[in-house]
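# Commentary on secondary and tertiary structure
Chain residues, written in single-letter form:
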Amino acid sequence: MATISNSQIAKPVKTIKNLSKIMNQWGKLVNNLYYQAVSRVRQPIELLFSWIVEKYDKEHQKCVLLKGLFVHVFDRKVRTFILLTCN
């Protein structure tokens, strides 16, 4: 499996015990803003992948596997390139 370098995984932040009430409230506010920002970025990506699964699971059974999807996408790109260069 390929890895992408210089990437970071966002994970939940644990609360620290024995802090004052104001610091805990401040920490919760910062965490809520952080989670909202992460969900705004994550939502379009999840929407794209769910659309791909919905579209290609129903129309093309060969695309159930990831390799099949890559072959299908590559095939479309090659056909488009050939059509553009021949015209």
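Everything here concerns the structure above.
Each value, and the rule that gives it
Residues numbered from 1 in each chain as written. Predicted model: local features only at pLDDT ≥ 70, side-chain atom pairs only at ≥ 80, totals over all residues. Heavy atoms only, no water. Salt bridge = Lys/Arg side-chain N within 4 Å of Asp/Glu carboxyl O. Helix = DSSP H or I, 4+ residues; strand = E, 2+ residues; numbered from the N terminus. Buried < 20%, exposed > 50% of the residue type's maximum accessible area, 1.4 Å probe, protein only.

### Topic: the pattern of salt bridges
- By the definition in use, this model includes two salt bridges.
- Across the pair Arg42 and Glu46 runs a salt bridge whose closest N-O atoms are separated by 3.1 Å. Within this pair, Arg42 and its partner Glu46 are both found in helix α1 (residues 21–59), separated by four residues, close to a single helical turn.
- Residue classification places Glu46 among the partly exposed positions, given a relative accessible area of 45%.
- The residue Asp75 makes a salt bridge to Arg79 at a minimum N-O spacing of 3.2 Å. Separated by four residues within a single helix, Asp75 and Arg79 lie in helix α2 (residues 66–86), roughly one turn from each other.
- Residue Asp75 is classed as partly exposed on the basis of its relative accessible area, which comes to 29%.

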